[in-house]
Structures are given as C-alpha cells and as structure tokens.
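Letter by letter, the chains look like this.
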Amino acid sequence: MRPLSALPTVVLTALLLSACQATPPAVTPAAPAARTASVRVTPTVQAGGVRELAAGRGLFATKTAYTQASINHMVVELFSVAGAVETPIITTDLSAAQLGNTVTFGNLAHDTTYRIRAYAYKAAGLAAGDKISDDASSDVDVVVTNDDAPALGNLVVSLIDQTFAGSATSDGLTVNAGTLVHAGGISITAFLPIAFNDVSTFAGSGQGYENANGTAADFDSPTDAAVDAAGNVYVADRGNLRIRKIEPDGDVSDFAGSGFAASIDGTGTGAAFSDLIALAIDPAGNLYAIDARCIRKITPGGLVSTLAGDNGQPAAVVDDLGGDARFYGPDGIAVAPDGDIWVTDKAAHKIRKVSPAGAVTTIAGNGPHGGAPNNFTDGSGAGASFAYPAGIAVDRAGNAFVADSGNHRIRKVTPAGDVTTFAGSGVATSANGQGAAAAFDTPLGLAFDRAGHLLVTHTGVVRRVSPLAVASVVAGAYGVTGSTDGFHVAASFNGLAGVASAPDGNAYVVDSGNHRIRKLSMLPL
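Residues numbered from 1 in each chain as written. Predicted model: local features only at pLDDT ≥ 70, side-chain atom pairs only at ≥ 80, totals over all residues. Heavy atoms only, no water.

**Student:** Could you give an account of the pairing of strand S6 (residues 73-82), with specific residues and numbers?
**Tutor:** Of all 10 residues making up S6, 9 are buried, and the element is well covered by its neighbours. Bridge count between S6 and strand S7 (residues 85-95): 10 bridges; the pairing is antiparallel. Counterpart to Leu-78 in the pairing with S7 is Ile-90. The loop that links S6 with its antiparallel partner S7 comprises 2 residues; one of these, Gly-83, has a positive phi angle of about 65°. Note: S6 against strand S9 (residues 112-121), 9 bridges, orientation antiparallel. Within S9, the residue paired with Leu-78 across the bridge is Ile-116. (Buried < 20%, exposed > 50% of the residue type's maximum accessible area, 1.4 Å probe, protein only. Helix = DSSP H or I, 4+ residues; strand = E, 2+ residues; numbered from the N terminus. Pairing = 2+ DSSP bridges.)

Below, the structure is given as structure tokens:
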C-alpha cells in the first residue's frame with residue numbers, strides 16, 4: 001500500500017465562536033509542519049431586526065428578522081479561482097444540528113486561490129425562495145502560496161433582510177411596506193465536513209494474472225470490489241475468472257475460483273465461475289457474487305455455493321426458489337440490513353431481491369426482457385421503469401439506490417417497491433447540483449461511505465451524492481481517460497466500474513480499463 005501522494009497540502013480549519021460579537025478577533029495560524037499549513041477563520045452571521053411603525057397609529061408591529069435559529073441547513077461550496085472564473089470543487093450540506101464543530105480542508109494545491117461560499121436556507125432543499133443569505137457577501141478567499149503561507153480571511157455569512165411585501169397585518173394593525181434591517185452581528189458556528197481525496201494505485205499494473213504485492217500484481221478486466229471489516233479488499237477479476245483478495249498491506253492472492261469457465265461449487269480454487277460481474281459483502285463476511293445468470297455465495301472460509309439461478313438454463317425472468325429462479329442479465333448486487341440481497345437485472349430492466357434462503361422476487365420495473373427499455377417512469381413496483389439498471393447500494397434504512405445507467409439518473413427504491421428519482425436530470429453529462437439539477441453520464445458503480453454519502457462512478461469521474469441529493473466531484477475529470485495518480489481532478493481513470501467503501505473511511509474503485517484497483521484516501525467527514 002503506497003502512502004498518500006506527496007502533493008502539497010494545506011489544512012484549513014474553521015473554528016467559529018459562539019459569543020455575539022460585531023468584529024471577529026484577530027486570528028493567528030498555527031505553526032505549520034513540513035509541507036503543511038493551517039489557518040483559522042471566524043465565520044460570522046450578520047443578522048438582526050427592527051420593528052415597523054404602523055401607519056398613522058404610533059404603534060409597533062413586529063416581524064422577526066432572520067437569525068441563526070432560522071437556518072434549516074447550510075450548503076458550503078469550495079471553488080478554485082482563476083481570474084473571474086470560479087471552478088466548483090466540492091459541495092457539502094450542514095444540518096442545523098451540525099452547527100458548532102470544526103472543519104478541515106486538506107490537500108489543497110499550492111499557488112492556487114480558493115473561494116469558500118456559504119448558502120443558508122430556511123427550509124430543506126435548494127429552493128431560491130428559501131435561501132436567506134446574500135451570495136455577494138457570504139464568501140471568503142484563501143490564497144495558498146508556494147511558501148505554505150495561506151492568506152487569512154473572515155467568512156461572513158450575511159443573512160438577507162426580511163421585507164413587508166406592500167403591507168402586513170399584526171393584531172389587526174396594517175403596517176407600512178418596509179424592511180427589517182441588520183441590527184449588529186451575531187456569531188454562529190458551522191461544521192464544514194469537506195474532504196479532498198488523493199488517488200493512488202493500490203494493486204495491479206496491467207492486464208495479466210500475477211499474485212504479488214501492490215503494483216507487482218496483475219488483474220484482467222476486474223469489474224467490482226467489496227471490503228470486509230478487517231480492511232481486506234475482494235475483487236471480481238472477470239478476465240481471470242477468480243475472486244482475488246488484497247490484504248491491507250497490498251498482498252494479492254486467489255480467494256476463490258480455478259480460472260476455468262464453469263459453475264462449480266467447492267472451496268477456494270476448487271470452485272469455478274462462469275462470468276464474474278459484481279460483488280457484495282454482508283456483516284458476517286460472506287461474499288455474494290453475480291456469476292453470469294446466477295447468484296453465488298462465498299463464505300469467509302472460501303466455500304462457494306449457488307444461492308439462486310442456474311447458468312445451465314436460458315436467460316429468463318422467473319421468481320422462484322434457488323435453482324428454479326431465473327435471471328436475464330444481472331449486473332449489480334448489494335446486501336440490505338435485513339440480510340436480503342438486492343440485484344439489478346440489467347438486461348430485463350428490473351430490480352430483483354433474493355432472500356437469505358434463495359427465494360427470488362421482482363421488486364420493481366416493467367421493461368421487456370432483453371429488448372429496448374420502456375420510457376423512464378417513477379412509480380410503484382411494475383408501475384416504474386428503468387433503462388439498464390447497473391450498480392446498486394442499500395442504505396441503513398433498507399432503501400436501495402440504483403444507477404439507472406440508460407436514464408442517467410440515480411433512482412431510489414423503498415423496501416415496498418416505490419421508485420423515485422433521487423438525483424440526475426437525465427442528460428448524459430457531469431454537473432454538480434442537487435436532485436434534478438445534478439447530472440450523470442451512464443452511472444455504473446454505487447456504494448455508501450461510512451458517513452452515508454453515496455459514491456458513484458461514471459465516465460472518468462467518481463462523484464459523491466449527499467443524503468440531501470447534492471452531487472459533487474470526488475476524483476477524476478469527466479470524459480478524461482488516463483491512469484494518473486494524484487489529487488482530486490488531477491487523477492484519471494480508464495473504464496471505471498465498481499466502487500467499495502472501507503471501514504476506515506477510504507474507498508476503492510475498480511479501474512477496469514487499466515486493470516488496476518485504485519485507492520481513494522479521503523479525509524474523514
């Protein structure tokens with residue numbers, strides 16, 4: 001396992017004060033360690049209010065101005081700045097309960113200007129009418145120079161004035177149109193959980209088959225990965241027809257599969273697979289693999305058995321038990337908290353579920369088997385439609401999230417089979433934003449990180465989608481092909497496939513075209 005990239009690093013810590021103050025105190029950066037700098041800033045929310053005089057009455061009616069208590073959530077976005085051009089890097093959501101902790105910005109590049117802007121909202125979502133902060137006065141620039149000495153600044157989050165639209169009434173009194181103006185400063189605290197990500201090659205260097213350490217090992221067109229509680233990474237090495245195991249120190253070995261194409265139950269290399277497509281793991285360490293048109297189970301001891309489906313039978317969609325069930329072309333797999341295994345039957349445009357006993361049911365989707373998909377539709381069960389659903393991940397509440405690759409969207413499926421669109425406009429591109437304002441181009445791999453954010457792979461880029469459906473870039477550049485290790489958008493991939501989150505907060509992505517397993521070393525959220 002190689003260390004983090006030696007790119008310059010700057011750590012920005014925002015420490016906010018809880019006492020009211022009109023002017024933040026002077027702040028001094030901590031003494032930097034080698035190749036590292038730190039800086040403290042004091043974000044201050046300007047808020048307050050006045051009473052409006054009732055027309056001709058000499059009486060007052062009060063309308064409360066926005067304060068910290070008005071904030072439902074705060075969105076914080078980081079940009080790199082070049083002249084007048086702002087390039088978004090990452091966006092994060094802060095709930096009201098998160099106001100009050102510390103934030104760390106890491107792995108910022110030298111000789112670069114960054115801008116941090118905060119957007120305060122009085123209700124969930126990003127409706128323009130719910131935004132109660134002023135963009136023009138709610139940001140701060142941080143200049144990272146080559147001598148590791150970032151410039152200091154104060155992040156001022158200015159809440160907008162409330163207004164009476166024409167007139168308003170209070171206790172039967174009509175009040176003049178007017179404005180509630182700022183009445184001094186009140187400081188608040190904000191927790192900014194922003195992590196920047198360094199990409200390194202964890203194992204593999206090119207197409208082939210070799211058990212060795214790290215980049216001395218070889219894989220052949222790997223498709224997916226899963227990580228156990230001890231940090232071991234298991235890889236569906238499709239071209240070699242084996243499940244490979246990578247230990248935390250980078251040692252690669254064969255875990256199961258003989259390398260010969262067949263569907264044979266057995267232990268370790270005594271078992272055989274026909275076509276390894278996807279992997280998932282349960283809390284007990286059991287692996288579940290999509291092997292052509294069946295679901296295989298592999299115990300921590302390497303014992304391989306067939307849970308559902310039969311590769312010796314034609315492709316079909318049949319809900320039944322064990323070997324009597326049929327799949328048409330499964331592609332993604334995930335284990336739910338209740339032990340059920342969710343499967344995307346990609347070629348049938350359906351979402352299927354397999355019980356621990358091997359009972360298969362169809363949860364949602366109405367597409368034809370093997371034909372072109374039906375139109376994109378949200379709905380319940382067979383009332384919903386998908387277009388080539390690929391990766392799948394299940395949250396702690398048992399909801400499944402599906403990479404609807406043909407519709408370029410992330411869909412949410414409840415345990416009852418109700419389907420909604422979680423994120424994505426349907427336009428095949430890459431765009432940050434919330435919900436339908438975000439865009440994905442043929443999303444494939446999905447996994448939840450330990451903070452409950454959804455990691456998505458598509459077209460040269462790894463994205464993160466927050467629980468509020470705000471999408472941002474984790475690593476890579478949209479449409480760029482390469483094999484470069486590095487920080488954030490400087491990294492490049494070739495044929496991103498599956499993604500898996502590790503217990504330590506890092507993630508592993510399957511770089512299928514480069515025949516490598518890449519590691520995303522991420523600062524903790």
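Continuing now.
**Student:** Which residues make up the side chain of Ser-385, and what are the values?
**Tutor:** Structurally, Ser-385 is set in the loop between strand S31 (379-380) and strand S32 (389-394). By relative accessible area, which is 0% here, Ser-385 ends up buried. Among the polar contacts listed, one links the side chain of Ser-385 to the backbone nitrogen of Thr-377, at a separation of 2.9 Å. The residues contacting Ser-385, other than those within four sequence positions of it, are Asn-366, Asn-374, Asn-375, Phe-376, Thr-377, Asp-404, Asn-407 and Arg-411. (Polar contact = N/O pair within 3.5 Å; in protein donor to acceptor, adjacent residues only side chain to side chain. Contact = heavy atoms within 4.5 Å.)

**Student:** Which residues make up the pattern of salt bridges, and what values go with them?
**Tutor:** If you walk through the whole model with that rule in mind, you get 17 salt bridges. Of the charged contacts, one joins Arg-115 and Glu-86 as a salt bridge, the two residues approaching to 2.7 Å between their closest N and O atoms. Note that Arg-115 is positioned in strand S9 and Glu-86 in strand S7, a separation of 29 residues in sequence. Owing to a relative accessible area of 28%, Glu-86 belongs among the partly exposed residues under this scheme. (Salt bridge = Lys/Arg side-chain N within 4 Å of Asp/Glu carboxyl O.)

**Student:** Before we move on, could you go through unusual backbone geometry and cite the residues and values that matter?
**Tutor:** The phi dihedral of Ser-221 is positive, around 55°, even though this residue is not glycine. Inspection of the secondary structure assignment puts Ser-221 in the loop between strand S17 (197-203) and strand S18 (224-227). Backbone geometry at Leu-241 places phi at a positive 55°, although glycine is not the residue there. Looking at the secondary structure, you find Leu-241 in the loop between strand S19 (233-237) and strand S20 (242-246).

**Student:** Please set out the packing of aromatic side chains residue by residue, giving values where relevant.
**Tutor:** Under the counting rule described, the total for this entry stands at 4 aromatic pairs. Taken together, a centroid distance of 5.1 Å and an interplanar angle of 75° make the contact between Phe-401 and Phe-422 edge-to-face. Of the two residues, Phe-401 is situated in strand S33 (residues 400-404) and Phe-422 in strand S35 (residues 418-423); the sequence distance between them amounts to 21 residues. The two residues Phe-401 and Phe-422 agree in class, both being buried. Considering the side-chain rings of Phe-401 and Phe-448, the 5.4 Å spacing of their centres and the 85° angle between planes classify their relative orientation as edge-to-face. Residue Phe-401 is located in strand S33, and its partner Phe-448 is located in strand S37 (residues 446-448); the two are separated by 47 residues in the primary sequence. For Phe-401, a relative accessible area of 5% corresponds to the buried category. What makes Phe-448 partly exposed here is its relative accessible area of 21%. Here the aromatic residues Phe-401, Phe-422 and Phe-448 are joined through ring pairs into a cluster of three or more. When the ring centre of Tyr-209 is taken as origin, the NZ or CZ atom of Arg-242, which lies over that ring, is 4.0 Å away. (Phe/Tyr/Trp six-rings, centres within 6.5 Å; stacked < 30°, edge-to-face > 60°. Lys NZ or Arg CZ within 6 Å of the ring centre and 35° of its normal.)

**Student:** Please provide a residue-by-residue account of the sheet that holds strand S28 (residues 341-345), values included.
**Tutor:** One open sheet accounts for 4 strands, arranged S27-S28-S29-S30; its pairing is antiparallel. Here the strands that pair on one side only, and so sit at the sheet edges, are strand S27 (330-335) and strand S30 (360-364). Along the sheet, successive strands turn relative to each other by an average axial angle of 30°, direction set aside. Inspection of the sheet shows S28 paired to strand S29 (residues 350-354) by 5 bridges, in the antiparallel sense. Along S29, the bridge assignment pairs Val-343 with Arg-352. (Axes fitted to C-alpha atoms, helices over the stretch in contact; angles between N-to-C directions.)

**Student:** Let's hear about the nonpolar core: which residues, and what values?
**Tutor:** Core analysis: the largest hydrophobic core is formed by 17 residues, its most contacted members being Met-74, Val-76, Leu-78, Ile-116, Ala-120 and Ile-132. Breaking this core down by element, the ones donating at least two residues are S6, S7, S9 and strand S10 (139-144). Discounting residues that sit within four places of it in the chain, Ala-120 has contacts with Ile-71, His-73, Met-74, Asp-130, Lys-131, Ile-132, Ser-133 and Leu-159. (Core = buried A, V, L, I, M, F, W, Y, C linked by side-chain atoms within 4.5 Å.)

**Student:** Give me the sheet that holds strand S40 (residues 470-476): which residues, what numbers.
**Tutor:** Spatially, the 5 strands line up as an open sheet ordered S36-S40-S39-S38-S37, and their pairing is antiparallel. Edge positions in the sheet fall to strand S36 (433-434) and S37, since each of these pairs with one other strand and no more. Two elements, strand S38 (residues 454-458) and strand S39 (residues 461-465), share 5 bridges in a ladder whose sense is antiparallel. Across the sheet, residue Leu-455 finds its bridge partner in S39, namely Arg-464.

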